[in-house]
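Read off the chains here:
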Amino acid sequence: MGAGTLIVLLAYNEEACITDVVAELRRELPGIDVAVVDDGSRDATAERAREGGAVVVRHPINLGVAAAEATGLLYALRNGYTRVVRMDGDGQHDPHGVPELLEALDGGAELVVGSRFAGVESFRSTWLRRLGSRLIAGLLSSLCRQRITDPTSGFRGFGPRAIRYFSSHFPHDYPEPESVLMASRQRFPIVEVPVKMRSRRAGVSSLTPWRSTFYMAKVSFALFMERFRAV
Amino acid sequence: MSRSSIIVLVFSAAFAVAVLLTARRRRTSEHHTFSWLLVSVLTAALALWRNAIDTLAAAMGIYYPPSALFFVVCGGLLWMLFRLSLQVAEQRRQLHRLAQELAVLSAQRPPPAERPPAPGTAG
């Protein structure tokens, strides 16, 4: 299952939980390499990740989630990996969902989105975030001409063509919804698989109700802009 | 020559000198230096050729000549700002790429403290 596969964890100031998250992945998925992209953390995230047994790819400055994802894919490309699973460093993504993502990649998908709303009971986020997610899902589905139920999921798999493409082309601010549209415009096969989401192990989410609303408006604009750009 | 023309000419000359001094200290690129010197020359030209604004307004069909000046200046500044925002976006993209390459390289070759000792070396 693990040959040529890399799990990329994105982490920013996650020193409290990153060791446990990496250790759990190595325990549950033996034989799969784990790389942590530390997006310029101000705490000891990189050291804690190394203690857990991960390779650490560290940004010298904070570049944002989209660039961190692209860096993970660039590392995978340079080191000959052909399948990448991207997960969050806060432990929200359940490692038991990884085999299903890899199966979908083996089935020919280039982008696999782990969806919280495709059948498996998950940790429930706030109603405002669920509403926002629904609205963006509707917009994204119509732009992609394919049903997308969870556009903001960061639990996703990349095949070889997607690794190459997204290592050098990445959205500016909102990697999850925008990259689905970018993949669709590149005619990459996109598949959603149901996954279970847990509550974060430590820290608090940066998304307040006001920020969620603002995020929704900005993402919608970013999606229209992406549709407008040349392929 | 009127007093206002002299004031504008002095201002243009001072601005040109400031631009040239920054260029001499290599604090600005030649491309930007040329653009700002052009601004200085145009300001001086307007001070010397006082009917220029009236002629321009008549050519543009604008009744109140200072409006023509506002239009031209605003248009020029807007264009310069737009060019600068394009350059900022391009430099941001390059900076991201540079930081990513550095991150990948440092992961492939960790700092000396984290490297295992080479064979045959003490420690």
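From a predicted model like this one, the values you see are computed outputs, not experimental measurements. (Residues numbered from 1 in each chain as written. Chains lettered and ligands numbered in written order. Predicted model: local features only at pLDDT ≥ 70, side-chain atom pairs only at ≥ 80, totals over all residues.)

1. Notes on the overall build of chain A
Here's step 1: Tallying secondary structure elements over chain A gives 8 helices and 7 strands in all.
Here's step 2: What you see for chain A is a C-alpha radius of gyration of 16 Å, in line with the 17 Å of a compact globule of 231 residues.
Here's step 3: Counted over contacts in chain A with a minimum sequence separation of 6, partners at least 24 positions apart contribute 77%. (Helix = DSSP H or I, 4+ residues; strand = E, 2+ residues; numbered from the N terminus. Rg over C-alpha atoms; globule rule 2.2 N^0.38 Å. Contact = placed C-beta atoms within 7 Å.)

2. Considerations on the overall build of chain B
Here's step 1: The secondary structure content of chain B amounts to 4 helices and 0 strands.
Here's step 2: Its helices and strands taken in sequence order, chain B reads α-α-α-α from the N to the C terminus.
Here's step 3: Residues counted as buried form 8% of the 123 residues belonging to chain B.
Here's step 4: By sequence separation, contacts in chain B at least 24 residues apart represent 43% of the contacts at least 6 residues apart. (Buried ≥ 20, exposed ≤ 12 C-beta atoms within 10 Å, placed from the backbone.)

3. As for the packing of helix α1 (residues 3-24) of chain B against helix α2 (residues 30-48) of chain B
Residue and element names in this part refer to chain B.
Here's step 1: At a closest axis distance of 8 Å, the pairing of α1 and α2 adopts a crossing angle of 170°. Accordingly, the angle class assigned to the pair α1 and α2 is roughly antiparallel. Contacts between α1 and α2 pair Ser5, Val8, Leu9, Phe11, Ser12, Phe15, Ala16, Val19 and Ala23 from the former with Thr33, Trp36, Leu37, Ser40, Thr43, Ala44, Ala47 and Leu48 from the latter.
Here's step 2: Residue composition of the contact of α1 with α2, by class: 12 nonpolar, 5 polar and no charged. (Axes fitted to C-alpha atoms, helices over the stretch in contact; angles between N-to-C directions. Parallel < 35°, antiparallel > 145°, perpendicular 65-115°, else oblique. Nonpolar A, V, L, I, M, F, W, Y, C, P; charged D, E, K, R; others polar.)

4. So, the sheet that holds strand β7 (residues 190-194) of chain A
All names here are of chain A.
Here's step 1: The 7 strands lie next to each other as β3-β2-β1-β4-β6-β5-β7, forming an open sheet whose pairing is mixed. Only two strands of the sheet have a single neighbouring strand rather than two, namely β3 (55-58) and β7. Recorded for the sheet is a direction-independent mean angle of 25° between the axes of neighbouring strands.
Here's step 2: Contacting β1 (5-11), β4 (83-88), β5 (111-115), β6 (156-158) and β7, helix α4 (residues 98-106) crosses the sheet at an angle of about 145° to β4. (Pairing = 2+ DSSP bridges.)

5. Side note on the nonpolar core
Residue and element names in this part refer to chain A.
Here's step 1: By size, the foremost hydrophobic cluster in this structure holds 72 residues, and its most contacted members are Leu9 and Val36.
Here's step 2: Looking at this core element by element, the count peaks at 9 residues for helix α3 (residues 65-78).
Here's step 3: Not counting the four nearest positions on each side in its chain, Leu9 is found in contact with Val21, Val22, Val34, Val36, Met87 and Gly89. (Core = buried A, V, L, I, M, F, W, Y, C linked by C-beta atoms within 7 Å.)

6. A short note on the confidence of the model for chain B
Here's step 1: Of all residues in chain B, 89% attain a pLDDT of 70 or more, and the chain-wide mean is 86.
Here's step 2: Two summary scores accompany this predicted model of the complex, namely pTM at 0.78 and ipTM at 0.70. (pLDDT = per-residue confidence, 0-100.)

7. Quick word on the interface of chain B and chain A
Here's step 1: In this complex, chain B contributes 8 residues to the contact, which on the side of chain A involves 14 residues.
Here's step 2: Tallied by class, the residues present in the side of chain B that touches chain A amount to 5 nonpolar, 3 polar and no charged.

8. Things to note about the environment of Asp38 of chain A
Residue and element names in this part refer to chain A.
Here's step 1: For Asp38, the location among the structural elements is in strand β2 (residues 33-38).
Here's step 2: Residue classification places Asp38 among the buried positions, given that 32 C-beta atoms sit within 10 Å.
Here's step 3: C-alpha of Asp38 to C-alpha of Leu223: the two residues are 185 residues apart in sequence and 27 Å apart in space.
Here's step 4: Apart from residues lying up to four places away in sequence, Asp38 is in contact with Ala11, Thr45, Ala46, Ala49, Val56, Arg58 and His59.

9. A short note on the packing of α3 of chain A against helix α6 (residues 160-168) of chain A
Residue and element names in this part refer to chain A.
Here's step 1: Where α3 meets α6, the closest approach of the two axes is 8 Å, and the angle between their N-to-C directions is 130°. As summarised for this structure, α3 and α6 are arranged oblique, according to the angle between their axes. Helix-helix and strand crossings are classified by hand; for α3 and α6 the assignment is left-handed. In this structure, α3 contributes Ala70, Leu73, Leu74, Ala76 and Leu77 to the contact, and α6 contributes Ile163, Arg164, Phe166 and Ser167.
Here's step 2: Across the contact of α3 with α6, the residue classes break down as 7 nonpolar, 1 polar and 1 charged. (Left-handed = near helix turned anticlockwise from the far one by under 90°.)

10. Quick notes on helix α2 (residues 45-52) of chain A
Residues and elements named next belong to chain A.
Here's step 1: Looking at α2, one finds that the buried residues are Thr45, Ala46, Arg48, Ala49 and Gly52. Seen end-on, α2 carries its buried residues on one side only, within an arc spanning 165°.
Here's step 2: Trailing α2 by a residue or two, Gly53 shows a phi angle of about 105°, which is positive. (Arc of directions from axis to C-beta.)

11. Overview of the environment of Asn51 of chain B
All names here are of chain B.
Here's step 1: Turning to its location among the elements, Asn51 is positioned in the loop between α2 and α3 (52-60).
Here's step 2: Under the C-beta neighbour-count criterion, Asn51 is labelled exposed, with 9 such atoms within 10 Å.
Here's step 3: When the C-alpha atoms of Asn51 and Ala89 are compared, they prove to be 40 Å apart, with 38 residues separating the residues in sequence.

12. Observations regarding the environment of His31 of chain B
Residue and element names in this part refer to chain B.
Here's step 1: Mapped onto the elements of the fold, His31 is located in helix α2.
Here's step 2: Given 9 C-beta atoms within 10 Å, His31 falls into the exposed group.
Here's step 3: Separated by 11 residues in the primary sequence, His31 and Leu20 have C-alpha atoms spaced 12 Å apart.

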